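Listed here are the chains, written in short residue letters.
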Amino acid sequence: MTMAPEGPLAYQQIALVDVLDRLLAGGVVITGDLTLRIADVDLVRIDLRALISSVNANVPSPWEEP
């Protein structure tokens, strides 16, 4: 007999829009490294660092209005 989990870690269905709203409200940092290597020789290296966040009255845009 299997019991459903209870408490704060219980399974919940959340819409993708709600997840994106929560992530953008707090901000998300994405980092990653990709290296293309052949025969122990690095040919291409890509470093990704991105900050994704929403902009509102409390967090103004870093770019000035035209």
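These notes cover the structure that comes with them. Small disclaimer: the values here were computed from a predicted structure and weren't measured.

## Topic: helix 1 (residues 16–26)
Structurally, the α-helix is built with 3.6 residues per turn, so residues lying three or four positions apart point the same way.
Okay, step 1: Across the 11 residues that make up helix 1, only a small minority, 0, are buried.
Okay, step 2: G27 sits one or two residues past helix 1 and shows a positive phi near 95°.

## Let's talk about the pattern of salt bridges
Okay, step 1: Applying the stated criterion across every chain yields a total of 3 salt bridges.
Okay, step 2: The salt bridge involving D33 is made with R49; its shortest N-O contact spans 3.7 Å. Note that D33 is positioned in strand 1 (residues 28–38) and R49 in strand 2 (residues 41–52), a separation of 16 residues in sequence.
Okay, step 3: Owing to a relative accessible area of 53%, D33 belongs among the exposed residues under this scheme.
Okay, step 4: As a salt-bridge pair, D42 and R37 come within 2.8 Å of each other at their nearest N and O atoms.

## A short note on the pairing of strand 1
Okay, step 1: Where strand 1 lies against strand 2, 11 bridges are found, and the strand directions are antiparallel. Counterpart to R37 in the pairing with strand 2 is D42.
Okay, step 2: Count of turn residues in the strand 1/strand 2 antiparallel hairpin: 2 residues, of which A39 carries a positive phi of about 55°.

## What about unusual backbone geometry?
Okay, step 1: Unusually for a residue other than glycine, A39 sits at a positive phi of about 55°.
Okay, step 2: Following the sequence through the fold, A39 ends up in the loop between strand 1 and strand 2.
Okay, step 3: The class of A39 is exposed, set by a relative accessible area of 69%.
Okay, step 4: Positive phi is not limited to glycine here, since D40 has a value of about 60°.

## A few points about a nonpolar patch on the surface
Okay, step 1: On the surface, L34, L36, I38, V41, L43, V44 and I46 cluster together to form a nonpolar patch covering roughly 640 Å² of accessible area.
Okay, step 2: For the nonpolar patch, the leading source of residues is strand 2, giving 4 residues.
Okay, step 3: Mapped onto the elements of the fold, L36 is located in strand 1.

Here is what the cut-offs are and how they apply
Residues numbered from 1 in each chain as written. Predicted model: local features only at pLDDT ≥ 70, side-chain atom pairs only at ≥ 80, totals over all residues. Heavy atoms only, no water. Buried < 20%, exposed > 50% of the residue type's maximum accessible area, 1.4 Å probe, protein only. Helix = DSSP H or I, 4+ residues; strand = E, 2+ residues; numbered from the N terminus. Salt bridge = Lys/Arg side-chain N within 4 Å of Asp/Glu carboxyl O. Pairing = 2+ DSSP bridges. Patch = residues over 30% accessible without salt bridge, like charges linked within 9 Å, V, L, I, M, F, W, Y side chains within 5 Å. Areas by Shrake-Rupley, 256 points an atom, 1.4 Å probe, with all protein chains shown as cover.

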